[in-house]
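Listed below are the residues making up each chain.
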Amino acid sequence: MAATRLIATLVLSFLLLSSSDATHRKKIRSRRPCKQMVFYFHDILYNGKNGKNATSAIVGAPAGANRTTLAGQNHFGNLVVFDDPITLDNNLHSIPVGRAQGFYLYDRKDFFTAWLGFSFVFNSTRHKGSITFAGPDPLNKTRDISVIGGTGDFFMARGIATLMTNAVEGEAYFRLQVDIKLLECW
Amino acid sequence: MAATRLIATLVLSFLLLSSSDATHRKKIRSRRPCKQMVFYFHDILYNGKNGKNATSAIVGAPAGANRTTLAGQNHFGNLVVFDDPITLDNNLHSIPVGRAQGFYLYDRKDFFTAWLGFSFVFNSTRHKGSITFAGPDPLNKTRDISVIGGTGDFFMARGIATLMTNAVEGEAYFRLQVDIKLLECW
Amino acid sequence: MAATRLIATLVLSFLLLSSSDATHRKKIRSRRPCKQMVFYFHDILYNGKNGKNATSAIVGAPAGANRTTLAGQNHFGNLVVFDDPITLDNNLHSIPVGRAQGFYLYDRKDFFTAWLGFSFVFNSTRHKGSITFAGPDPLNKTRDISVIGGTGDFFMARGIATLMTNAVEGEAYFRLQVDIKLLECW
């Protein structure tokens, strides 16, 4: 009898635990990543002269601005398409392990901020598939951006990536360090 | 013996319950939000004369259209970058609690519809972090858009936001009410 | 006593199982879709002459390129906004069941690749709501793109869609087959 009552109590506890998990899914979620990776990517903006080396180009600009010079007012309204090499260290000349492809747009007049939509595309023996990112980039020293999906090895991925500007050379070159932490892996 | 058999049955039931949850994850999910918030944001489109007050600008347009006037055919092809103040009430002059940053594009020739990719960016004592939205805006009276990610206080957020056009003044100004309902909170 | 010890063991096992589920959420997830659908969509690019039939238009281009002809270097930097009919079979003239709305951009100089942000918008007796996609399109024969959200009948959807180019006619027309597999349905 005691055993039966104990069982009943346990069953009830489990049901309560499961249902609160289902409705809120908050407390039991761990912030420990299921996959963690660090990469660098390198952006060389087309300026009318560097057509051969450039990896990105201004394709949208507000009225009055051209597309070989970043616009005034903190580049507000500039839309840039890129196809940047991804490397494992911070050397532009290292063998790329993938491509960072997508766009960024400068979206603030009073200081620099950007909005990004892009993917890391891998097609090597090490990684096959893509990780897609979207969200604002306040251009602080360290900032987070959402991982909103993935394919291949990163099927259904969700998580966060921490961006750090690793180098800037005028308006021609910048390098970002990207620390990817996937929180949902399938 | 009876107790042991009972336990075996219970274990089996739990395993079945867990696995059906895992494969379909449909029935037990609650549509009750884990976080709900209402905001307004205000868009003042640059028209060549309002450079000081404008919060958005046309940066892409189809051939034949310029970037100080919205294109014909329901503005088809116009891409607008924005950095709009977010307020707690419907007053443009209230103190902003954050910025709505990103882009919208008009994507239909026969009537008005748009496609949005943007974020709410907060950096106050009340909220720190961002919520990112993406999806079509059929420009009905009331329409839903997906919350695809978040950072900071809104880490890993998913959910839905209901948009309502709260005011329109010609092509220079519109105000949206945004009722955010997060369904996944970490 | 034996029963009690057995129960204790079971409880512990369940707790361990639940917690590993919570932290990794990997093993028990099924890749069997909760919803599967096949559609086709049709893109007719505006070229300066087909204004009546065109369903898409170039709205962004790098310096030196115009917006009625796709740019050189594999169209690098071209941004195209579209509003394409969705059909159930591969016939452009079938009655549309929805609209594919959003944008694509060509993002590689040395060969064709694209990046997509778009939605399927349905408003019929069969389907009401939207499915939103984002990610790279390597333009292989078969490639996957992420489903990052949905509204209405596709509330909170996540999953994957397999894209196959079904027809190409010069630079004026292409048709994609889209095999949608939703893995998270609410």
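Residues numbered from 1 in each chain as written. Chains lettered and ligands numbered in written order. Predicted model: local features only at pLDDT ≥ 70, side-chain atom pairs only at ≥ 80, totals over all residues. Heavy atoms only, no water.

Under an unreviewed UniProt entry, the name given to chain A is Dirigent protein, and the source organism is Durio zibethinus. The heading Subunit (unreviewed entry) in the UniProt record of chain A holds the text "Homodimer." Quoted verbatim from the Function (unreviewed entry) field of the UniProt record, the comment on chain A reads "Dirigent proteins impart stereoselectivity on the phenoxy radical-coupling reaction, yielding optically active lignans from two molecules of coniferyl alcohol in the biosynthesis of lignans, flavonolignans, and alkaloids and thus plays a central role in plant secondary metabolism." (UniProt positions renumbered as here; feature names shortened; annotations may be inferred.)

Q: How do you make sense of the overall build of chain A when you look at a structure like this?
A: Looking only at helices and strands, chain A has 2 helices and 9 strands in total. Evaluated residue by residue, chain A yields a buried proportion of 56% over its 186 residues. Long-range pairs, those at least 24 residues apart, make up 45% of the contacts in chain A between residues at least 6 apart in sequence. Of the roughly 7,900 Å² of accessible surface on chain A, a fraction of 56% belongs to carbon and sulfur atoms. (Helix = DSSP H or I, 4+ residues; strand = E, 2+ residues; numbered from the N terminus. Buried < 20%, exposed > 50% of the residue type's maximum accessible area, 1.4 Å probe, protein only. Contact = heavy atoms within 4.5 Å. Areas by Shrake-Rupley, 256 points an atom, 1.4 Å probe, with all protein chains shown as cover.)

Q: What is the right way to look at the state of the cysteines in this model?
A: Two cysteines form a disulfide when their sulfur atoms are joined by a covalent bond. All names here are of chain B. Tallied over the full model, the rule gives 3 disulfides over all chains. Shown here is the disulfide that connects Cys-34 with Cys-185, its sulfur atoms set 2.0 Å apart. One quick way to see it: the torsion about the S-S bond of Cys-34 and Cys-185 is about 85°, and its sign makes the bridge right-handed. Separated by 151 residues along the polypeptide, Cys-34 in the loop between helix H1 (2–24) and strand E1 (35–44) and Cys-185 in the segment after strand E9 (173–184) bring together distant segments of the chain. We classify Cys-185 as buried; its relative accessible area is 7%. (Disulfide = S-S within 2.5 Å.)

Q: I keep staring at the packing of aromatic side chains and nothing clicks. Help me out?
A: Ring pairs (aromatic) are described by centroid distance and by the angle formed between their planes. Applying the stated criterion across every chain, the model contains 57 aromatic pairs over all chains. Each ring, one from Phe-122 of chain A and one from Phe-154 of chain A, has its centre 5.8 Å from the other, and the planes form 50°; the classification is tilted. Taken together, the residues span a long stretch of sequence, with Phe-122 of chain A in strand E5 (residues 114–123) and Phe-154 of chain A in the loop between strand E7 (142–152) and strand E8 (158–169) at a distance of 32 residues. Phe-154 of chain A sits in the buried class, given a relative accessible area of 2%. Their ring planes at 65° and their centres at 5.1 Å tell us that Phe-120 of chain C and Phe-133 of chain C sit as a pair that is edge-to-face. Of this pair, Phe-120 of chain C sits in strand E5 (residues 114–123) while Phe-133 of chain C sits in strand E6 (residues 128–137); the two residues are 13 residues apart in sequence, bridging distant segments of the chain. (Phe/Tyr/Trp six-rings, centres within 6.5 Å; stacked < 30°, edge-to-face > 60°.)

Q: Can you help me understand the environment of Ser-119 of chain C in this one?
A: You can see Ser-119 of chain C is positioned in strand E5. Exposure remark for Ser-119 of chain C: the relative accessible area of 0% places this residue in the buried category. Once the C-alpha coordinates of Ser-119 of chain C and Ile-86 of chain C are considered, the two residues, 33 residues apart in sequence, prove to be 11 Å apart. Ignoring sequence-local partners within four residues, the contact set of Ser-119 of chain C consists of Trp-115, Gly-135 and Pro-136 of chain B together with Arg-99, Ala-100, Gln-101, Ile-131, Thr-132 and Phe-133 of chain C. Within the structure, Ser-119 of chain C has its side chain in polar contact with the side chain of Thr-132 of chain C (distance 2.8 Å). (Polar contact = N/O pair within 3.5 Å; in protein donor to acceptor, adjacent residues only side chain to side chain.)

Q: So what exactly am I meant to see when it comes to the pairing of strand E4 (residues 98–106) of chain C here?
A: Residues and elements named next belong to chain C. Here E4 lies mainly inside the structure; 8 of its 9 residues are buried. In the sheet, strand E3 (residues 79–87) pairs with E4 via 8 bridges, with the strands oriented antiparallel. Pairing of Ile-86 across the sheet is with Gly-98, part of E4. Judged from the 8 bridges that link them, E4 and E5 form a sheet pairing that is antiparallel. Counted as the bridge partner of Ala-100 is Phe-120 from E5. (Pairing = 2+ DSSP bridges.)

Q: How do you make sense of unusual backbone geometry when you look at a structure like this?
A: A negative phi angle is the norm for most residues apart from glycine, just as the trans form is the norm for most peptide bonds. The phi dihedral of Leu-139 of chain B falls on the positive side, at around 60°, and the residue is not glycine. On the secondary structure map, Leu-139 of chain B appears in the loop between strand E6 (128–137) and strand E7 (142–152). Residue classification places Leu-139 of chain B among the partly exposed positions, given a relative accessible area of 34%. In this structure, Met-156 of chain C is a non-glycine residue whose phi angle is positive, near 65°. Its place among the elements puts Met-156 of chain C in the loop between strand E7 (142–152) and strand E8 (158–169). Of the residues examined, Met-156 of chain C reaches a relative accessible area of 1% and is grouped as buried.

Q: What's the story with the side chain of His-127 of chain A in this structure? I'm lost.
A: Along the chain, His-127 of chain A turns up in the loop between E5 and strand E6 (128–137). Residue class for His-127 of chain A comes out buried when judged on its relative accessible area of 16%.

Q: For this particular structure, what's the right way to read the confidence of the model for chain A?
A: Keep in mind that low pLDDT regions are not for reading the predicted coordinates in detail. Taken over all residues, the pLDDT of chain A has a mean of 87, while the share at 70 or more is 84%. Per the prediction output, this complex has pTM 0.86; the corresponding ipTM is 0.84. (pLDDT = per-residue confidence, 0-100.)

Q: What's the story with the nonpolar core in this structure? I'm lost.
A: Buried together is how nonpolar side chains tend to be arranged in soluble globular proteins. All names here are of chain C. Core analysis: the largest hydrophobic core is formed by 32 residues, its most contacted members being Phe-41, Phe-120, Ile-131, Phe-133 and Ile-180. Breaking this core down by element, the ones donating at least two residues are strand E1 (35–44), E3, E4, E5, E6, E7, E8 and strand E9 (173–184). If sequence neighbours within four positions are ignored, Ile-131 has contacts with Met-37, Phe-118, Ser-119, Phe-120, Phe-122, Val-147, Gly-149, Gly-150, Phe-154 and Ile-180. (Core = buried A, V, L, I, M, F, W, Y, C linked by side-chain atoms within 4.5 Å.)

Q: Please clarify how the environment of Ser-146 of chain A should be interpreted in this entry.
A: Looking at the secondary structure, you find Ser-146 of chain A in strand E7. Under the relative-accessibility criterion, Ser-146 of chain A is labelled buried at 3%. When the C-alpha atoms of Ser-146 of chain A and Lys-109 of chain A are compared, they prove to be 24 Å apart, with 37 residues separating the residues in sequence. Ignoring sequence-local partners within four residues, the contact set of Ser-146 of chain A consists of Thr-132, Phe-133, Ala-134 and Gly-159 of chain A together with Gly-149, Gly-150 and Thr-151 of chain B. Looking at Ser-146 of chain A, its side chain comes within polar contact range of the main-chain nitrogen of Gly-150 of chain B, at 3.1 Å.

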